[in-house]
Amino acid sequence: MEETYLLNVEGVKKKILHGGQGELPKLQDGSKITFHFQTLKDDFERTVIDDSREAGIPMEIIVGKMFKLEIWETLLSSMRAGEVAEFWCDAIHTGMYALVSRGMRRIAEGRDPLEGQKHRCGMGNMFDYHSTGYDDLDELQRTPQPLIFIMELFRVEEPSAYKRDTWAMSKEEKLAAVPVLHSEGNRLVLRKEFGQAAAKYQEAVICLRNLQAKEKPWEDGWLKLESLVTPLVLNYCQCQLELGEYYEVLEHTTELLQKHNDNAKAYFKRAKAHAAVWNEREAREDFLRVAHLDPSMAAAVKKELKQLGERMRKKHVEDQKRYQGLFHSQGRG
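Here the structure is a predicted model, which means the values were calculated and not measured.

**Student:** Before we move on, could you go through the overall build of the protein chain and cite the residues and values that matter?
**Tutor:** Helices and strands together make up the secondary structure of the protein chain, namely twelve helices and seven strands. Accessible surface, the protein chain as shown: approximately 19100 Å² in total, 52% of it carbon and sulfur.

Below, the structure written as structure tokens:
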């Protein structure tokens, strides 16, 4: 049976669709709330705007962090685990929904929700963005209106009980996470789990890049973070070499060398990637540059150049045989 409640909040009505169990959750800064939600327009068709079930995984928000509506914490704090409820919220509570939804959609698409953000203040962002990038959200931004939220609460976890997503971390938390991720990546490399290791290095790089975005390029703070980024990118590239993702290596090493054109290790990894995709001239140029920049790597370069020469000769012979076979078959035709 559906029960209707008026929460002690102006412009909010609650209808319980399925009762939950246990006590009401005690939310605190850093608590993680896991739930499914559906956002509907308050129109005749009850038009669906967002549905977390379409992504296949429940929604998660961190109390006290961005990418949520302030009213959501109030709504969820009125629910018990397992409860399904429908909330009608007046436009005074939904004016920021378009920007919040934009952030959530970007996360679901595997993109950085902070990308391109100039202000941390939500109102500042509203003036920055002429478009959210989504037509339906642009309409909501132009004309804020009452919305209906159908929520199913799964669990509320204390701040110490879960691993924080990097985008939700504070500056201090990101800096503390980087050496841990670096160490986890190194441990996975020793176990030859290169895909998982690459993911750890990549996560650490994202933490640092987010922090760098708030610094002025090439000034002390930016350079200090860049010195932490470089070895992580090189480790990531080594994993990609092991996984045979050579074009990924070419992309990241080239980007690194545009900033640091004296990095011998970056040239070495790029040379190996060039060699793997038969770019003989580029591979030789990069290998020779490695030997020039770091004479201690001369022996390794000599070995790589020898292997490159042998591979190219073998390929040349195989190509000749293939062409001869092609001409013979054409001649018989």
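**Student:** Before we move on, could you go through the pattern of salt bridges and cite the residues and values that matter?
**Tutor:** Counted under the stated rule, the structure contains 15 salt bridges. A salt bridge links Arg 284 to Glu 280, with the shortest nitrogen-to-oxygen separation between them at 3.2 Å. Linking Arg 284 with Glu 280, this pair stays in helix α11 (residues 280-293), spanning four residues, or about one helical turn. Residue Arg 284 is classed as partly exposed on the basis of its relative accessible area of 30%. The salt bridge partner of Glu 282 is Arg 281, with a shortest N-O separation of 3.5 Å. In this structure, a network of salt bridges that share partners links the residues Arg 209, Glu 226 and Lys 259.

**Student:** So, the packing of helix α8 (residues 220-243) against helix α10 (residues 264-276): which residues are in play, and what are the values?
**Tutor:** A pair of packed helices is characterised by two quantities: the angle between their axes and the separation of those axes. The N-to-C vectors of α8 and α10 enclose an angle of 20 degrees; their axes lie 11 Å apart at closest approach. Considered as vectors, α8 and α10 are oriented roughly parallel to each other. For the pair α8 and α10, the sense of crossing is left-handed. Residues Leu 234, Cys 237, Gln 238 and Leu 241 of α8 form the contact with α10, whose participating residues are Lys 265, Ala 266, Lys 269, Lys 272 and Ala 273. Considered class by class, the residues forming the contact of α8 with α10 number five nonpolar, one polar and three charged.

**Student:** Could you give me a rundown of α10, with the residues and numbers involved?
**Tutor:** With 13 residues, α10 ought to run about 18 Å at 1.5 Å a step, and its terminal C-alpha atoms sit 18 Å apart, in line with that. For α10, a buried count of ten out of 13 residues is recorded, marking the element as mostly surrounded by other parts of the structure. If you check which residues of α10 are buried, you get Ala 264, Ala 266, Tyr 267, Phe 268, Lys 269, Arg 270, Ala 271, Ala 273, His 274 and Ala 275. Put simply, Asn 263 is the residue that caps the front of α10, since its side-chain oxygen is 3.2 Å from the backbone nitrogen of Lys 265. Among the residues trailing α10, Trp 278 stands out with phi positive, at a value near 70 degrees.

**Student:** Give a detailed account of empty space enclosed by the protein, specifying residues and quantitative values.
**Tutor:** In total, this model carries one cavity of 30 Å³ or more according to the counting rule given. Estimates place the volume of the largest cavity at around 30 Å³. Along the walls of the largest cavity sit Thr 94, Gly 95, Tyr 97, Ala 98, Leu 140, Pro 144, Gln 145 and Leu 147, which together make up its complete lining. Considered class by class, the residues forming the lining of the largest cavity number five nonpolar, three polar and no charged.

**Student:** I'd like to hear about unusual backbone geometry, residue by residue, with values.
**Tutor:** Positioned with a positive phi, Arg 46 is a non-glycine residue whose angle comes to about 50 degrees. Tracing the backbone shows Arg 46 in the loop between β3 (32-41) and β4 (48-51).

**Student:** Break down the packing of aromatic side chains for me, citing the residues and quoting the values.
**Tutor:** This structure, assessed with the given rule, holds seven aromatic pairs. Judged by centre distance (5.1 Å) and plane angle (55 degrees), the rings of Phe 37 and Trp 72 are tilted. Of the two residues, Phe 37 is situated in strand β3 and Trp 72 in helix α1 (residues 70-77); the sequence distance between them amounts to 35 residues. No difference in accessibility class separates Phe 37 from Trp 72, as the two residues are buried. Of the aromatic side chains, those joined through ring pairs into one cluster are Phe 35, Phe 37, Trp 72, Tyr 97 and Phe 149. The positively charged end of Lys 13 is found above the aromatic ring belonging to Trp 88, 5.2 Å away from the centroid. The ring of Trp 278 has Lys 315 lying over it, and the distance from NZ or CZ to the ring centre is 5.3 Å.

**Student:** How would you sum up the pairing of β4? Please name residues and give values.
**Tutor:** Side chains on a regular strand alternate between the two faces of the sheet. Of the pairings in the sheet, the one linking β3 to β4 comprises three bridges and is antiparallel in character. Looking across to β4, one finds that Thr 39 is bridged to Asp 50.

**Student:** Before we move on, could you go through the nonpolar core and cite the residues and values that matter?
**Tutor:** Of all hydrophobic cores here, the largest spans 43 residues; its most connected members are Leu 232, Phe 287 and Val 290. Of all the secondary structure elements, the ones that give two or more residues to this core are α6 (171-190), α7 (194-212), α8, α9 (246-259), α10, α11 and α12 (298-332). Once residues within four sequence positions are removed from consideration, Leu 232 is found in contact with Val 178, His 182, Tyr 201, Ala 204, Val 205 and Leu 208. Core analysis: the next-biggest nonpolar cluster, separate from the first, contains 29 residues, Ile 33, Leu 69, Phe 87 and Tyr 134 among them.

Analysis parameters
Residues numbered from 1 in each chain as written. Predicted model: local features only at pLDDT ≥ 70, side-chain atom pairs only at ≥ 80, totals over all residues. Heavy atoms only, no water. Helix = DSSP H or I, 4+ residues; strand = E, 2+ residues; numbered from the N terminus. Areas by Shrake-Rupley, 256 points an atom, 1.4 Å probe, with all protein chains shown as cover. Salt bridge = Lys/Arg side-chain N within 4 Å of Asp/Glu carboxyl O. Buried < 20%, exposed > 50% of the residue type's maximum accessible area, 1.4 Å probe, protein only. Axes fitted to C-alpha atoms, helices over the stretch in contact; angles between N-to-C directions. Parallel < 35°, antiparallel > 145°, perpendicular 65-115°, else oblique. Left-handed = near helix turned anticlockwise from the far one by under 90°. Contact = heavy atoms within 4.5 Å. Nonpolar A, V, L, I, M, F, W, Y, C, P; charged D, E, K, R; others polar. Expected span 1.5 Å × (residues − 1). Polar contact = N/O pair within 3.5 Å; in protein donor to acceptor, adjacent residues only side chain to side chain. 1 Å grid on protein atoms, 1.4 Å probe; cavity = no way out; pocket = protein on both sides within 12 Å on 5 of 7 lines; lining within 4 Å. Points joined across faces, edges and corners; volume = space filled by probe spheres on them. Phe/Tyr/Trp six-rings, centres within 6.5 Å; stacked < 30°, edge-to-face > 60°. Lys NZ or Arg CZ within 6 Å of the ring centre and 35° of its normal. Pairing = 2+ DSSP bridges. Core = buried A, V, L, I, M, F, W, Y, C linked by side-chain atoms within 4.5 Å.

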